Amino acid sequence: MKYGAGKPIDISLADQPDCILLSVRDRGIGISLKDQARVFQRFERAVSERHYGGFGLGLWVTRHVVEAMGGSVTVESAPDVGSTFRVRLPRQAPPAAVAQLAPPPP
C-alpha cells in the first residue's frame, strides 16, 4: 500500500494442481529491472528512505518465510506502471519443514 500511489491494489488467490498462487498487484511507482532482484535482500530498497521510510526488511522476511515453506516469491514491475508480487506455496510442505515441526524426541 505504501508504494501504490493511492491507487487500488488487487489481491488474488489461485488454486493450482501443485501449489497455491497468491498475487498482489499495485499500480504505483514500480521497480526498475535493475532493482528487482536486490529488493529481496536484507536492508535493500529501490527507493529513497527519506520518501518512503522503513528498514528494507519486508521482502527479505517474506522471501525467507516462503522459501522455508518450500515456495518462491517473484516480482514483475516497471517504473510508473506498478508491481505484481507472486507467492507460490506447495500443497505439501517439504520434508525439511515437516521435520522442523516435529516434536523433539523424549
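Our structure's up above, just so we're on the same page.
The rules behind each value
Residues numbered from 1 in each chain as written. Predicted model: local features only at pLDDT ≥ 70, side-chain atom pairs only at ≥ 80, totals over all residues. Heavy atoms only, no water. Patch = residues over 30% accessible without salt bridge, like charges linked within 9 Å, V, L, I, M, F, W, Y side chains within 5 Å. Areas by Shrake-Rupley, 256 points an atom, 1.4 Å probe, with all protein chains shown as cover. Salt bridge = Lys/Arg side-chain N within 4 Å of Asp/Glu carboxyl O. Helix = DSSP H or I, 4+ residues; strand = E, 2+ residues; numbered from the N terminus. Buried < 20%, exposed > 50% of the residue type's maximum accessible area, 1.4 Å probe, protein only. Core = buried A, V, L, I, M, F, W, Y, C linked by side-chain atoms within 4.5 Å. Contact = heavy atoms within 4.5 Å.

S.K.: What is the right way to look at a nonpolar patch on the surface in this model?
M.R.: On the surface, Ile9, Ile11, Leu13, Leu22 and Val24 cluster together into a nonpolar patch covering about 440 Å² of accessible area. Of all the secondary-structure elements, those providing two or more residues to the nonpolar patch are strand E1 (10-15) and strand E2 (19-25). Relative to the helices and strands, Val24 is located in strand E2. Here Val24 falls in the partly exposed class, since its relative accessible area comes to 31%.

S.K.: Just to check I follow, could you spell out the nonpolar core for this structure?
M.R.: One finds Ile31, Val39, Phe40, Val66, Val73, Val75, Phe85 and Val87 forming the largest nonpolar core, which totals eight residues. Mapped by element, the contributors of at least two residues to this core are strand E3 (72-78) and strand E4 (82-90). Setting aside chain neighbours within four positions, we find Phe85 in contact with Leu22, Ser23, Val24, Ile31, Phe40, Leu59, Thr74 and Val75.

S.K.: Teacher, can you tell me more about the pattern of salt bridges here?
M.R.: For side chains bearing opposite charge, pairing can occur when the charged atoms are close. According to the stated counting rule, one finds six salt bridges in the structure shown. Here Asp10 makes a salt bridge to Arg27, at a shortest N to O gap of 2.6 Å. Taken as a pair, Asp10 in strand E1 and Arg27 in the loop between E2 and helix H1 (33-36) lie far apart in primary sequence, 17 residues in all. Taking the relative accessible area as the measure of exposure, Asp10 reaches 34% and is therefore partly exposed. Note that Arg91 and Asp15 form a salt bridge whose closest N and O atoms lie 1.8 Å from each other. Taken together, the residues Arg91 in the loop between E4 and helix H4 (95-101) and Asp15 in strand E1 connect sequence positions 76 residues apart.

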